[in-house]
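Descriptive analysis of the structure
If you want the building blocks of each chain, they are given just below.
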Amino acid sequence: MRVVAGNWKAHRSTAEAEALCVALAEALQPGIGGVQVVICPPFTALHVARHRLPAEIHVGAQDVFWEDAGAFTGEVTPPMLTGLGCSHVIVGHSERRQHFGETDHTVSRKLQACWRHRLTPILCVGETLQEREQGHTIAVLRRQVHGALNGTVPAPLCVAYEPVWAIGTGKAARPSDCSEGLATLRGELQGLWGAAARSVPHLYGGSVNAGNCAPLWNEGGADGALVGGASLEASVFAAICRSAGEGV
Ligand code: PGA
């Protein structure tokens, strides 16, 4: 099963989100075999997304707090998300690591919180341009996976390889870079989880669009994609989902 997730980031008011969900529901008809579609709007649009999208389309959040409840002003907790009908959560996105102090340690706490509440985390990892240029890509990916998952037992998970230099730049990784990164991640997860790692979808993210996605699965070995900018256009996102469904 491939997975295509749309990360809307901080875009779309509730009213705009409703219109986009209606358009997505239409564009994704009559359903796409072999592909799990996940829509991750801002927290404020989760409710409307769950109500406007057909049941077979999953709804996910873009972040989550690690405690269930308490005096934590501004945070959104796992039970709040499950109560809204969410099934997935993006955890450790590079924008959260870069701008909001997310670390491998907080990522790991968030993963545990997801699993306590049967939410499937989409764990994001990826190197910066500087790390790549210094030849540290493999070490960074290993450190991020290990930091997030060391000591865990197999549980529902998606891993997204998102090279930071490819996010929002229009410069997607080449299929060969994609397959190299994914091989590192698969190897690291297999070291931690053994054979159970094989059932974890490994996605690629970073400037994916309808024109460049096919080689990412066919040559790059991605089990799907985490799509940012191109997920805000219903017809484009649907085209990516359809491409992922071809030949599965
Ligand atoms: P992008 O974002 O597709 O706009 O590059 C991907 C992501 O940040 O998940």
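Scroll up to find the structure this text is about.
Residues numbered from 1 in each chain as written. Predicted model: local features only at pLDDT ≥ 70, side-chain atom pairs only at ≥ 80, totals over all residues. Heavy atoms only, no water.

1. Side note on the site of the ligand
- Close to the ligand lie 13 residues; Lys9, His93, Glu162, Gly168 and Ser207 are nearest.
- Between Lys9 and the ligand, the recorded distance is 2.8 Å, taken from a side-chain N or O atom to an oxygen atom.
- Within the backbone of Gly228, one N or O atom sits 2.8 Å away from an oxygen atom of the ligand.
- Isolated, the ligand exposes 280 Å² of accessible area, and the fraction of that covered by the protein chains is 95%.
- Split by residue class, the shell around the ligand holds four nonpolar, seven polar and two charged. (Near = heavy atom within 4 Å. Polar contact = N/O pair within 3.5 Å; in protein donor to acceptor, adjacent residues only side chain to side chain. Areas by Shrake-Rupley, 256 points an atom, 1.4 Å probe, with all protein chains shown as cover. Nonpolar A, V, L, I, M, F, W, Y, C, P; charged D, E, K, R; others polar.)

2. Concerning the pattern of salt bridges
- What the rule picks out here adds up to 14 salt bridges.
- Here Lys110 and Asp63 are joined by a salt bridge, their closest N and O atoms 2.9 Å apart. One end of the pair, Lys110, is in helix H5 (residues 104-116); the other, Asp63, is in the loop between strand E3 (58-61) and helix H3 (78-83), with 47 residues separating them in the sequence. Each member of the pair, Lys110 together with Asp63, is buried.
- Between Asp223 and Arg186 there is a salt bridge, and its shortest N-O distance comes to 3.0 Å. (Salt bridge = Lys/Arg side-chain N within 4 Å of Asp/Glu carboxyl O. Helix = DSSP H or I, 4+ residues; strand = E, 2+ residues; numbered from the N terminus. Buried < 20%, exposed > 50% of the residue type's maximum accessible area, 1.4 Å probe, protein only.)

3. Some thoughts on the sheet that holds strand E4 (residues 88-91)
- With respect to topology, eight strands assemble into a closed barrel ordered E1-E2-E3-E4-E5-E6-E7-E8, the strand pairing being parallel. Within this sheet the neighbouring strands show an average axis-to-axis angle of 25°, counted without direction.
- Where strand E1 (residues 2-7) lies against strand E8 (residues 224-227), four bridges are found, and the strand directions are parallel. Paired with Val3 across the bridge in E8 is Gly224.
- The strands that helix H10 (residues 234-245) touches are E1, strand E2 (35-40) and E8; relative to E1, the one it contacts most, it runs at about 165°. (Pairing = 2+ DSSP bridges. Axes fitted to C-alpha atoms, helices over the stretch in contact; angles between N-to-C directions. Contact = heavy atoms within 4.5 Å.)

4. Focus on helix H8 (residues 175-193)
- For H8, spanning 19 residues, the distance from its first C-alpha to its last is 26 Å, which sits close to the expected 27 Å at 1.5 Å a residue.
- Every buried residue of H8 is listed here: Asp177, Cys178, Gly181, Leu182, Thr184, Leu185, Glu188, Leu189 and Trp193. Seen along its axis, H8 keeps its buried residues to an arc of 155°; they face one direction.
- Taken from the residues just after H8, Gly194 is the one with a positive phi, measuring 65°. (Expected span 1.5 Å × (residues − 1). Arc of directions from axis to C-beta.)

5. Topic: the pairing of strand E5 (residues 120-125)
- Burial analysis of E5 places six of its six residues in the buried class, the great majority of the element.
- Going residue by residue along E5, you find Thr120, Ile122 and Cys124 tucked away on one face and Pro121, Leu123 and Val125 tucked away on the opposite face as well.
- Judged from the four bridges that link them, E4 and E5 form a sheet pairing that is parallel. Residue pairing for E5: Val89 is matched across the bridge by Pro121.

In short, the description is geometric, and any link to function would need to be established separately.
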